[in-house]
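# A look at the structure
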Number of protein chains: 2
Amino acid sequence: MARAGRLPGETVTIPAAMTIPSRPMNFNPGPAALPRAVLERCRDELLDFGGTGLSVMEHSHRGAAYERAHHATTARLRALLDIPDGHGDAGYDILYVQGGASQQFAVVPLNLLPPGGRASHVVTGAWGERAIAEARAVAATAGGGAPRVVASTVPAPGDERTLRRLPRPGEARSEGGDAYLHLTTNETIDGVQFATAPGATMPDLGPAPVVADMSSDIAWRRVDLRQFGLIYAGAQKNLGPSGVTVVIIRRDLVEAGRSDIPTIFQYRTFARHDSLYNTPPTFAIYLMGLVLEWIEELGGLDAIEARNRAKAGAIYGVIDAFPGFYRCPVESGSRSLMNVTFRLPTPGAEARFLDEAMAHGMTGLQGHRSVGGVRASLYNAVEPAWADALAALMRDHAAKHG
Amino acid sequence: MARAGRLPGETVTIPAAMTIPSRPMNFNPGPAALPRAVLERCRDELLDFGGTGLSVMEHSHRGAAYERAHHATTARLRALLDIPDGHGDAGYDILYVQGGASQQFAVVPLNLLPPGGRASHVVTGAWGERAIAEARAVAATAGGGAPRVVASTVPAPGDERTLRRLPRPGEARSEGGDAYLHLTTNETIDGVQFATAPGATMPDLGPAPVVADMSSDIAWRRVDLRQFGLIYAGAQKNLGPSGVTVVIIRRDLVEAGRSDIPTIFQYRTFARHDSLYNTPPTFAIYLMGLVLEWIEELGGLDAIEARNRAKAGAIYGVIDAFPGFYRCPVESGSRSLMNVTFRLPTPGAEARFLDEAMAHGMTGLQGHRSVGGVRASLYNAVEPAWADALAALMRDHAAKHG
């Protein structure tokens, strides 16, 4: 099996299709791969959670057995992500909500953009475009203030030549009086990610609290959360199954949120009730707890970051080693380590590559239907050996067809 | 083991605590018991869904394997509940949304109560009160019309003597021009349920489309859905785990809904995209499909209705056989077959009873914390033998302490 960090041109042997184990190498963009050890544990205790004789799904969310799992997941998130626990602007609440990041596109402005308020949006891809569209609908129907685009780096439709990119320094800044600045830290379809260099922090984004969609950017490395006022993340990339969304929100913003909107949309409802105001998605929160435990056992965020960097490095290494055959549509400083997007010379060549990958037991590599091409999603539970195998296949394929 | 349909006064032997199997008899109010056969199948295929080598949780919601499960669940719901499939007002869409019934309290008026519109609410318990409170917040902040209470049967706080009940005939009617009439067909906390007599239909509720919270009333018997314009139901009572909510909505109401609210809150978004507009809670929808298959194998809704009637009959039979000891706080024609609520002479007597039930392997019998007392939730997956064992324990307990 090939290794990460190989030199360009080094010869590697790709495994024959027949030796691929029956478990596919899963590069799905989300819902995505889950750790094998987590699935095995879930299976083993599915009919008897914690010695209760009941499945975790059969426990009341008001009962001691589930509540232990619920609060354990929260404690693990707080410890692993180093989420500050102080008062006011020195602490953050951890909320479990439903509806995915797509629902947060509307719920964020419902809470934080009161009548007369204003929000700045930075748009680096398709998800950022959806987010501002929903904020506009909230402004139009819920009496909230208006959102505006302060920076968009999305090429015009049909523009294939312009590389996708992050904003240039100083290009994306909030202004005094903005309620918040919204951005998407990793665009899964476009393959654009903020601050991926080792130790990098977010650029200067101006004075307003930063609200970040981190669905595909959470928990793959250590991040100083004090750079953000609010982050939200659907669990189904790096944290668990679909069906639960994590919101991490500065406590002063919880309190400042609108209190005239429906109770179920107010962040304070979830903060005050530890996300047990109404029935939460108990199984998804339980399973997220198991994934967090698995990350701890791997060595925590530093260990998983090294693992994730090696995976992305292996794929980008091959792309850059064969510039006449593979092409990444993203500027090199803006490339995502979670979703590596690349093109081959023709759609036919892309289809042939995807067929060959499938024959080698690799699944989920099609680019998003809106853009085409190839996309390798490399979330936490993607095994380094899978990324190595993909890199080896890419080399072999380029040598044969390039 | 005791049988259902026992005569008052008949002697039965309750099982000794030590002979109770390690799997508790689960009377939880939701999340509730799931069929053992469903849990076993879920366990057995947890790491390999449909021969794919991946867990169902690891599949993309855009992939063929998950989509088959998704559409199979919908086809099963349509067949089992006999959901009409015609155009306009002769057909209903089946939607999977998130956030529970509590979110629908706000989403229904967001969609169906435009500026200048008006909705009538019938309130028979705590959930109906929450529903109208959220509708009022929508009216206040989203420019929608006002909701009003046309009938409330909730006793004043602290009024212990007045029995809970359904509205009297003619007491709860919409008026011409109402956008809809909202009610809660089963109140889980108060134990009040509409139309429980065999073959009963809903009372005359006036000309407006009826919107019904059927979270705890769906799929336990055959119902003519054409009595309703929209029903919604959290899955965690009769259908599956928490984390998915089923909406069944007449197609003309989908199209008539507001289109200026955020996309993620519009029913038409879910209808047009088969609930795959954004990532659905895939595992919960898959598991609901397994529960529906289990109902089919039991013999469908007629079989499960007979089973459910026998369970409730066993418990109410004991309550009525010992009127000096057990007391149901609901009028006899309004009693819920899903949530049997009853009181003992004193809080101390209730605590002693709950302790004894626990010692006999019965769990989840505490009344809701807002009202106290005892509550036996008897959803689809509660085994008839458990209800029989509870009835037997109640007889024994009354004989000993009454």
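## Overview of the interface of chain A and chain B
Accessible area lost during the coming together of the parts is what is often quoted as the interface size. Across the contact, 63 residues belong to chain A and 63 residues belong to chain B. Of the roughly 4900 Å² buried between chain A and chain B, counting both surfaces, carbon and sulfur atoms make up 59%. Salt-bridge contacts for Arg 23 of chain B lead to Glu 58 of chain A; the nearest nitrogen and oxygen are separated by 3.2 Å. One can count 23 residue pairs in polar contact (both at pLDDT 80 or more) joining chain A with chain B. Contributions of two or more residues to the side of chain A that touches chain B are made by α1 (36-44), α3 (100-112), α4 (126-141) and α7 (282-298) of chain A. Counting residues per element, the side of chain A that touches chain B draws most heavily on α3 of chain A, which supplies six residues.

## Concerning the relation of the copies chain A and chain B
Between the two copies, chain A and chain B, the superposition gives an RMSD of 0.0 Å; the rotation angle is 180° and the shift along the axis is 0.0 Å. Expressed as an axis order, the relation between the two copies is that of a two-fold axis. Taking C-alpha positions as the reference, the residue of chain A nearest the rotation axis is Ala 142 of chain A, at 2.1 Å. Looking at chain A, 100% of its interface residues are interface residues in chain B too, so the copies touch through the same face.

## Some thoughts on the pairing of strand β8 (residues 210-213) of chain A
Residue and element names in this part refer to chain A. The alternating pattern of β8 places Val 210 and Ala 212 and Val 211 and Asp 213 on opposite faces, both of which are buried. For strand β5 (residues 180-184) and β8, the ladder comprises four bridges, and the chain directions are parallel. In the strand pairing of β8, Leu 181 is matched with Val 210. When β8 meets strand β9 (residues 230-234), the two strands line up parallel, connected through three bridges. Paired with Asp 213 across the bridge in β9 is Tyr 232.

## Comments concerning the sheet that holds strand β4 (residues 146-152) of chain A
Residue and element names in this part refer to chain A. Spatially, the seven strands line up as an open sheet ordered β2-β10-β9-β8-β5-β3-β4, and their pairing is mixed. Every interior strand has two partners, whereas the edge strands, β2 (92-97) and β4, have only one. Taken pair by pair, the neighbouring strands of this sheet meet at an average axis angle of 20°, ignoring direction. Packed onto the sheet, helix α2 (residues 64-80) meets β2 and β10 (245-250) and runs at close to 130° relative to β2. In the packing of α3 onto the sheet, contacts are made with β2, β5, β8, β9 and β10, and the angle to β9 comes to roughly 155°.

## Focus on the packing of helix α7 (residues 282-298) of chain B against helix α8 (residues 300-321) of chain B
All names here are of chain B. Remark: α7 packs on α8, axes separated minimally by 7 Å, with the N-to-C direction vectors making an angle of 85°. Taken together, α7 and α8 sit at an angle that is classed as roughly perpendicular. Here α7 contributes Trp 294, Ile 295, Glu 296 and Leu 298 to the contact with α8, which in turn contributes Gly 300, Leu 301, Ala 303, Ile 304 and Arg 307. Residue composition of the contact of α7 with α8, grouped by class: six nonpolar, one polar and two charged.

## Re the packing of aromatic side chains
Scanning the model with the defined rule gives 17 aromatic pairs over all chains in all. Considering the side-chain rings of Phe 105 of chain A and Tyr 232 of chain A, the 6.3 Å spacing of their centres and the 70° angle between planes classify their relative orientation as edge-to-face. Taken together, the residues span a long stretch of sequence, with Phe 105 of chain A in helix α3 and Tyr 232 of chain A in strand β9 at a distance of 127 residues. Just as Phe 105 of chain A is buried, Tyr 232 of chain A falls in that class too. Aromatic side chains Tyr 326 of chain A and Phe 342 of chain A sit 5.5 Å apart centroid to centroid with 90° between the ring planes, which places their arrangement in the edge-to-face category. Note that Tyr 326 of chain A is positioned in the loop between α8 (300-321) and β11 (339-342) and Phe 342 of chain A in strand β11, a separation of 16 residues in sequence. One Lys or Arg, Arg 130 of chain A, reaches over the ring of Tyr 277 of chain B and ends 4.4 Å from the middle of that ring.

## Describing the state of the cysteines
Under the definition given, this model contains zero disulfides over all chains. As a non-bridged cysteine, Cys 42 of chain B has Cys 42 of chain A as the owner of its nearest cysteine sulfur, 7.0 Å distant. The buried category is assigned to Cys 42 of chain B, whose relative accessible area is 0%.

## Structural notes on helix α10 (residues 384-401) of chain B
With 18 residues, α10 of chain B extends 26 Å between its outermost C-alpha atoms, agreeing within 8% with the 26 Å of an ideal straight helix rising 1.5 Å per residue. The complete set of buried residues in α10 of chain B reads Trp 386, Ala 387, Asp 388, Ala 389, Leu 390, Ala 391, Ala 392, Leu 393, Met 394, Arg 395, His 397 and Ala 398 of chain B.

## Some words on the environment of Phe 194 of chain A
All names here are of chain A. Here Phe 194 is to be found in the loop between β7 (192-193) and β8. Owing to a relative accessible area of 3%, Phe 194 belongs among the buried residues under this scheme. For Phe 194 and Glu 58, which are 136 residues apart along the polypeptide, the C-alpha to C-alpha distance reads 41 Å. Other than its neighbours up to four places away in sequence, Phe 194 contacts Thr 124, Leu 166, Pro 167, Leu 183, Thr 184, Thr 185, Met 202, Pro 203 and Arg 221.

## A short note on the domain arrangement of chain A
Residue and element names in this part refer to chain A. Partitioning chain A into structural domains gives domain 1 (2-27 + 300-401) and domain 2 (56-295). Computed from C-alpha atoms alone, the centre-to-centre distance between domain 1 and domain 2 is 29 Å. In this complex, domain 1 contributes 28 residues to the contact, which on the side of domain 2 involves 28 residues. Area buried by domain 1 at its contact with domain 2 is led by Leu 301, Glu 331 and Tyr 379, which between them contribute 24% of it. Where domain 1 packs against domain 2, one counts 18 residue pairs in polar contact (both at pLDDT 80 or more). When residues of the side of domain 1 that touches domain 2 are traced back to their parent elements, those giving at least two are α8 and β11.

About the thresholds
- Residues numbered from 1 in each chain as written.
- Chains lettered and ligands numbered in written order.
- Predicted model: local features only at pLDDT ≥ 70, side-chain atom pairs only at ≥ 80, totals over all residues.
- Heavy atoms only, no water.
- Contact = heavy atoms within 4.5 Å.
- Buried area = accessible area lost by both parts, 1.4 Å probe.
- Salt bridge = Lys/Arg side-chain N within 4 Å of Asp/Glu carboxyl O.
- Polar contact = N/O pair within 3.5 Å; in protein donor to acceptor, adjacent residues only side chain to side chain.
- Helix = DSSP H or I, 4+ residues; strand = E, 2+ residues; numbered from the N terminus.
- Least-squares fit on C-alpha atoms with pLDDT ≥ 70 in both.
- Buried < 20%, exposed > 50% of the residue type's maximum accessible area, 1.4 Å probe, protein only.
- Pairing = 2+ DSSP bridges.
- Axes fitted to C-alpha atoms, helices over the stretch in contact; angles between N-to-C directions.
- Parallel < 35°, antiparallel > 145°, perpendicular 65-115°, else oblique.
- Nonpolar A, V, L, I, M, F, W, Y, C, P; charged D, E, K, R; others polar.
- Phe/Tyr/Trp six-rings, centres within 6.5 Å; stacked < 30°, edge-to-face > 60°.
- Lys NZ or Arg CZ within 6 Å of the ring centre and 35° of its normal.
- Disulfide = S-S within 2.5 Å.
- Expected span 1.5 Å × (residues − 1).
- Domains from an automatic or database assignment.

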